[in-house]
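In case you want the letters, here they are:
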Amino acid sequence: MSHTLTKPGSTEVDRKPSAAALEFGQAWEYAPAPESPDHVRIDPKYGLFVGGRWVTPRSGKFFPTVSPSTEQTLAEVAEANAQDVDDAVKAAREAYDKYWSKLRGADRAKYIFRIARAIQEKARELAIVESMDGGKPIKESRDVDVPLAAAHFFYHAGWADKLDYAFQGRRVRPLGVAGQIIPWNFPLLMAAWKIAPAIACGNTVVLKPAETTPLTALLLAKIIEEAELPPGVVNIVTGAGETGAALANHPDVNKVAFTGSTDVGKRIQRAIAGSTKRLTLELGGKAANVVFADAPLDQAVEGIVNGIYFNQGHVCCAGSRLLVEESVHDIVVKKLRDRMHTLRLGDPLDKNTDVGAINSKAQLQRIRELVDAGEKEGAERFSAPCRIPDKGFWFAPTFFTGASMSSRIAREEIFGPVLTIMTFRTPDEAIEKANNTMYGLSAGIWTDKGAKIFYMATKLKAGVIWGNTYNKFDPSSPFGGYKESGFGREGGRQGLSAYVEVE
Ligand code: ADP
């Protein structure tokens, strides 16, 4: 495969790795170490999973799902129209009325445990398909997405027979049918986040995965089929925005759970306003990673890299703004640049890959547009000198220094491996700058002083705050946002309340 060099950094000096970078990375070419997809079975065509069966869509339409790293079509997937969605909601309603709402919690738990175990058994296959369909490095899908997806089913299976204790002596009952719409950044994990609490609480589900990453949700449907979950408890319908809108607007859906862009979230909120539907929205973010001068700087740099580059920045909680105390700005930038020289971008199935493919052409264009805007607005750009494969959608890890708070790169969600670095002098200035955003999903604090972490955590307007770490998740820990990052929590006891009526 031939390669071209990415757009160089802003200065000659930037392009050269320092001695440290040479010592730790660039000097060593890694031999390819790809996971083999040979034993993975992807069907050429997938129907809809409705009422426990695989059905041909009434629409008669299918669309391709494409690997963003090779641009090859992986499979054809059904495009559900409003009638198909109606069939799925009817199947979910029937399953709710007939069995699921009547089953004892302990029996629901048995099914959910079974799903969790099957995810673990099929972990390798799921990780490979996730990386092929979504472009993320196998390191991430293997070590983060798939184990966490299993963990969410295990965790919620544990709650299924203890719900009356989750709300301090009050009784709870399920809501009914949940319509769930998820994005492309964590396809399997988001499906698990949505399905596990819903069915643990006794609801039934119609889930719509994102149109660019439907495959692992469809593999999950196969797992659910093998786990012999009663037909219709979980239904999976594929399609794009119109399918999602048909699901959110369906009159027999009692609860809508959406993760995706703030724009679509607002549209859904407007569409269902005035109805009795319950709603949770997990939307965009523009998280600040705040690095104090007393922080362990090497650890902080690793956290910054993890927060914005390891997942191509395809994380709503990505640490896309770095606020660094002025006195250590230059040293942090230098360390970061050195580390970026050692990042390996390329084949998502290679176990050494740090940065995978951008999920779609459209997303790549959006990243390019915002990066161009950053340059036009006068910020200084550095892009890691990665080799970009000829095929597929890629963007080299990039950061900007000298950006103003009002610039687009400091305000808008880029959803790519692009970091905007700014400085502060006092904790209060850091708080003011970190909170100066329409979003409020997450934040990171790096300091040697525990008291400073607590002080900052009480002032930062973000749903999730990490101290001396970043992007760590656990099913017992609620996740969700403030302001335009949405409302409602997923995970933990708080996440259960989105799926029950407390009496
Ligand atoms: P992203 O920018 O992360 O792709 P989107 O909000 O566009 O986020 O997409 C997230 C999910 O919402 C996808 O499954 C997508 O198909 C779905 N979607 C897009 N438009 C609508 C809509 N109008 N109503 C409901 N769902 C939608």
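Residues numbered from 1 in each chain as written. Predicted model: local features only at pLDDT ≥ 70, side-chain atom pairs only at ≥ 80, totals over all residues. Heavy atoms only, no water.

### A look at the overall build of the protein
Here is step 1 of the chain: For the protein, the helix and strand inventory stands at 18 helices and 22 strands.
Here is step 2 of the chain: Relative to a compact globule of 503 residues, whose C-alpha radius of gyration would be 23 Å, the protein shows 23 Å and is just as compact.
Here is step 3 of the chain: Taking the principal axes of its C-alpha atoms as reference, the protein extends roughly 70 × 50 × 35 Å.
Here is step 4 of the chain: Considering the protein as a whole, with its 503 residues, one finds that 58% of them fall into the buried category.
Here is step 5 of the chain: At a minimum sequence separation of 6, the contacts of the protein that also span at least 24 residues come to 76%.
Here is step 6 of the chain: Separation of charge centres in the protein, based on 62 positive and 60 negative side chains, amounts to 4 Å. (Helix = DSSP H or I, 4+ residues; strand = E, 2+ residues; numbered from the N terminus. Rg over C-alpha atoms; globule rule 2.2 N^0.38 Å. Buried < 20%, exposed > 50% of the residue type's maximum accessible area, 1.4 Å probe, protein only. Contact = heavy atoms within 4.5 Å. Lys, Arg positive; Asp, Glu negative; His and termini not counted. Charge placed at Lys NZ, Arg CZ, Asp CG, Glu CD.)

### Description of helix α11 (residues 262-272)
Here is step 1 of the chain: Looking at α11, one finds that the buried residues are T262, G265, I268 and I272. Looking straight down α11, one finds its buried side chains confined to an arc of 120 degrees; they lie on one side.
Here is step 2 of the chain: On its buried face, α11 sits against β8 (177-181), α10 (241-249), β11 (255-259) and β12 (278-282).
Here is step 3 of the chain: Of the residues one or two after α11, G274 is the one with positive phi, at around 90 degrees. (Arc of directions from axis to C-beta.)

### Some words on the pattern of salt bridges
Here is step 1 of the chain: Under the definition given, this model contains 31 salt bridges.
Here is step 2 of the chain: A salt bridge links E35 to R124, with the shortest nitrogen-to-oxygen separation between them at 2.8 Å. With E35 in the loop between α2 (19-26) and β2 (45-46) and R124 in helix α5 (residues 123-134), this pair connects stretches of sequence that are 89 residues apart.
Here is step 3 of the chain: Owing to a relative accessible area of 11%, E35 belongs among the buried residues under this scheme.
Here is step 4 of the chain: Judged by relative accessible area, which is 43%, R124 ranks as partly exposed.
Here is step 5 of the chain: The residue D294 makes a salt bridge to K452 at a minimum N-O spacing of 2.9 Å. Separated by 158 residues along the polypeptide, D294 in the loop between β13 (288-291) and α12 (297-308) and K452 in helix α17 (residues 450-459) bring together distant segments of the chain.
Here is step 6 of the chain: Several salt bridges share partner residues, and in doing so they unite R41, D43 and K222 into one network. (Salt bridge = Lys/Arg side-chain N within 4 Å of Asp/Glu carboxyl O.)

### Quick notes on the packing of α12 against helix α13 (residues 329-341)
Here is step 1 of the chain: For the pair α12 and α13, the least separation of the axes is 10 Å and the interaxial angle reads 55 degrees. Taken together, α12 and α13 sit at an angle that is classed as oblique. Crossing hand, α12 versus α13: right-handed. Residue-level inspection shows L297, D298, V301, E302, I304 and V305 of α12 in contact with α13, the latter providing I331, V332, K335, L336 and R339.
Here is step 2 of the chain: Split into classes, the residues belonging to the contact of α12 with α13 amount to seven nonpolar, no polar and four charged. (Axes fitted to C-alpha atoms, helices over the stretch in contact; angles between N-to-C directions. Parallel < 35°, antiparallel > 145°, perpendicular 65-115°, else oblique. Left-handed = near helix turned anticlockwise from the far one by under 90°. Nonpolar A, V, L, I, M, F, W, Y, C, P; charged D, E, K, R; others polar.)

### Digging into the side chain of K286
Here is step 1 of the chain: Mapped onto the elements, K286 comes out in the loop between β12 and β13.
Here is step 2 of the chain: Buried charge without a salt bridge: K286, with E413 as the nearest opposite-charge side chain at an N-O distance of 8.1 Å.
Here is step 3 of the chain: There is a polar contact of 2.7 Å between the side chain of K286 and the backbone oxygen of E412.
Here is step 4 of the chain: Apart from the residues lying within four places of it in its own chain, the contact partners of K286 are S320, R321, I409, A410, R411, E412, E413, I414, T437 and Y439. (Polar contact = N/O pair within 3.5 Å; in protein donor to acceptor, adjacent residues only side chain to side chain.)

### A closer look at the sheet that holds strand β6 (residues 73-78)
Here is step 1 of the chain: Pairing in this open sheet of three strands is mixed, and the strands run β2-β6-β5 from one edge to the other. Each edge of the open sheet is held by one strand with a lone partner, namely β2 and β5 (62-66).
Here is step 2 of the chain: Alignment of β5 against β6, held across five bridges, turns out to be antiparallel. Bridging from a neighbouring strand, T65 pairs with A75 of β6. (Pairing = 2+ DSSP bridges.)

### Some remarks on empty space enclosed by the protein
Here is step 1 of the chain: Counted under the stated rule, the structure contains five cavities of 30 Å³ or more.
Here is step 2 of the chain: Residue lining of the largest cavity: 15 residues in total, with R321, A434, S442, K461 and A462 positioned closest to the centre.
Here is step 3 of the chain: Looking at the lining of the largest cavity, the elements that each hand over two or more residues are α16 (427-435) and β19 (442-446). (1 Å grid on protein atoms, 1.4 Å probe; cavity = no way out; pocket = protein on both sides within 12 Å on 5 of 7 lines; lining within 4 Å. Points joined across faces, edges and corners; volume = space filled by probe spheres on them.)

### A few points about the packing of helix α3 (residues 82-100) against α10
Here is step 1 of the chain: Two elements in contact, α3 and α10, have axes whose closest approach is 9 Å; the angle formed by their N-to-C orientations is 45 degrees. Our classification of the angle between α3 and α10 gives oblique. Here the hand of the crossing between α3 and α10 comes out right-handed. Counting all contacts with α3, which are made through A82, V85 and V89, the residues of α10 involved are T243, A246 and L247.
Here is step 2 of the chain: For the contact of α3 with α10, the per-class residue count stands at five nonpolar, one polar and no charged.

### Describing the sheet that holds strand β17 (residues 398-401)
Here is step 1 of the chain: Judged by pairing direction, the sheet is mixed, and its seven strands sit side by side in the order β15-β17-β18-β14-β13-β19-β20 without closing on themselves. Pairing within the sheet leaves two strands with one partner each, and these edge strands are β15 (380-383) and β20 (464-467). Averaged over all adjacent pairs, the angle separating strand axes in this sheet is 20 degrees, with direction ignored.
Here is step 2 of the chain: This element, helix α14 (residues 361-376), spans β15, β17 and β18 (418-424) of the sheet and lies at about 25 degrees to β17.
Here is step 3 of the chain: On the sheet, α17 packs against β13, β19 and β20 and is oriented at approximately 160 degrees with respect to β19.

### A word on the nonpolar core
Here is step 1 of the chain: Counting 113 residues, the largest nonpolar core has I115, F153, I195 and L336 as the members making the most contacts within it.
Here is step 2 of the chain: The two domains that each donate at least three residues to this core are domain 1 (5-31 + 285-467) and domain 2 (45-103 + 175-282 + 481-502).
Here is step 3 of the chain: Those residues in contact with I115 that lie beyond four places of it in its chain are F153, I199, L220, I223, I224, A227 and L229.
Here is step 4 of the chain: A248, I268, L279 and L281 belong to the second-largest nonpolar core, a separate cluster that totals 23 residues. (Core = buried A, V, L, I, M, F, W, Y, C linked by side-chain atoms within 4.5 Å. Domains from an automatic or database assignment.)

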